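# Summary of the model geometry
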Amino acid sequence: MSDGASHIDERGRARMVDVGAKQESERRARARAIVRMSAETAATVERGDAPKGDVLATARLAGIQAAKRTGELIPLAHPLPLTFVDVEVALDTDAGSVTIEAEARTVARTGVEMEAMTACAVAALTLYDMVKGIERGVTVEQLTLLEKTGGKEDWRRDF
């Protein structure tokens, strides 16, 4: 393929893009997910009284671990040598929400958007798993890429 940008082969089948001809560059991506729950459940999380333990710390670690395994989880994602991953969680007890933000970095031939988004998604699912015994109505919302740098162009979501 000319620029390696197509995920479809000549027979219309999905395939992994060949990024071998691209130059390595520093890549960075940030993503966000929001988890909504009742204020009562959020207060339980804040107190550390959830039956499964420290909800926020477990979700954070799950997100970091997930970013490192993105190439195994997303069929056409390239496995990347991550140089940095962080997941931050912010609990708003009164609003009954947890905002999860992840950042991933690498020096590679392809971006780390999927790693940042996977980190947020798995952290959010872990948070749900940790509180589902308290409240089944918890929702995962707004999994979104916030920005990416490196590669052909930088991009930032406008709010």
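First, a word on what this report is: a plain description of the structure on this page. (Residues numbered from 1 in each chain as written. Predicted model: local features only at pLDDT ≥ 70, side-chain atom pairs only at ≥ 80, totals over all residues. Heavy atoms only, no water.)

So, on to the overall build of the protein chain. What the protein chain contains, in helices and strands, is four helices and five strands. Reading the helices (α) and strands (β) of the protein chain from amino to carboxyl end gives β-α-α-α-β-β-α-β-β. By its C-alpha atoms, the protein chain is 55 × 30 × 30 Å across when sized along the principal axes. For the protein chain, the residues scored as buried account for 42% of the 159 residues in total. In the protein chain, the proportion of contacts linking residues at least 24 apart, taken out of those at least 6 apart, comes to 70%. Here the protein chain displays about 9000 Å² of accessible surface, and carbon together with sulfur accounts for 50% of that area. A distance of 5 Å separates the average location of the 22 positive side-chain charges in the protein chain from that of its 26 negative side-chain charges. (Helix = DSSP H or I, 4+ residues; strand = E, 2+ residues; numbered from the N terminus. Buried < 20%, exposed > 50% of the residue type's maximum accessible area, 1.4 Å probe, protein only. Contact = heavy atoms within 4.5 Å. Areas by Shrake-Rupley, 256 points an atom, 1.4 Å probe, with all protein chains shown as cover. Lys, Arg positive; Asp, Glu negative; His and termini not counted. Charge placed at Lys NZ, Arg CZ, Asp CG, Glu CD.)

Read from one edge of the open sheet, five strands run S2-S3-S1-S4-S5, paired in antiparallel fashion. The sheet is open, and its two edges are formed by strand S2 (82-92) and strand S5 (155-156), each paired on a single side. As paired strands, strand S1 (residues 25-36) and strand S3 (residues 97-108) are joined by 12 bridges and run antiparallel to one another. Looking at the pairing, Val-35 lines up with Val-98 of S3. Each of S1, S2, S3 and strand S4 (139-149) touches helix H4 (residues 113-131); the most contacted strand, S1, lies at about 25 degrees to it. (Pairing = 2+ DSSP bridges. Axes fitted to C-alpha atoms, helices over the stretch in contact; angles between N-to-C directions.)

What helix H1 (residues 39-47) keeps buried is the set Thr-41, Ala-42, Ala-43, Thr-44 and Val-45. Buried positions along H1 lie against helix H2 (55-68), S2 and H4. The first or second residue beyond H1 is Gly-48, which carries a positive phi of 80 degrees.

Attention shifts here to the pairing of S2. When S2 meets S3, the two strands line up antiparallel, connected through 10 bridges. Each bridged residue has a counterpart across the sheet, and for Val-89 the counterpart in S3 is Ile-100. Once S2 ends, the chain turns through four residues before running back antiparallel as S3, passing Gly-96 with a positive phi of about 65 degrees.

Turning next to the pattern of salt bridges. Tallied over the entire structure, the rule returns 13 salt bridges. Residue Arg-69 pairs with Glu-72 through a salt bridge whose shortest N-O separation is 2.7 Å. Measuring nitrogen to oxygen at the nearest pair gives 2.8 Å for the salt bridge that ties Arg-105 to Glu-103. Using a relative accessible area of 34% as the deciding quantity, one classes Arg-105 as partly exposed. In the salt-bridge network here, residues are joined through shared partners; they are Arg-28, Arg-30, Arg-32, Glu-101, Glu-103, Arg-105, Glu-147 and Arg-156. (Salt bridge = Lys/Arg side-chain N within 4 Å of Asp/Glu carboxyl O.)

Here we take up the nonpolar core. Counting residues in each nonpolar core, the largest one holds 32 residues, and the members touching the most others are Val-35, Met-37, Val-55, Val-87, Val-98, Ile-100 and Leu-127. Those elements that place two or more of their residues in this core are S1, H1, H2, S2, S3 and H4. The element best represented in this core is H4, accounting for eight residues. The residues touching Leu-127, leaving out its near neighbours within four places in the chain, are Val-35, Met-37, Val-55, Leu-56, Ala-59 and Val-98. (Core = buried A, V, L, I, M, F, W, Y, C linked by side-chain atoms within 4.5 Å.)

In this section: the side chain of Thr-144. Along the chain, the position of Thr-144 falls in strand S4. Exposure remark for Thr-144: the relative accessible area of 15% places this residue in the buried category. Only 2.9 Å separates the side chain of Thr-144 from the side chain of Arg-157, close enough to count as a polar contact. (Polar contact = N/O pair within 3.5 Å; in protein donor to acceptor, adjacent residues only side chain to side chain.)

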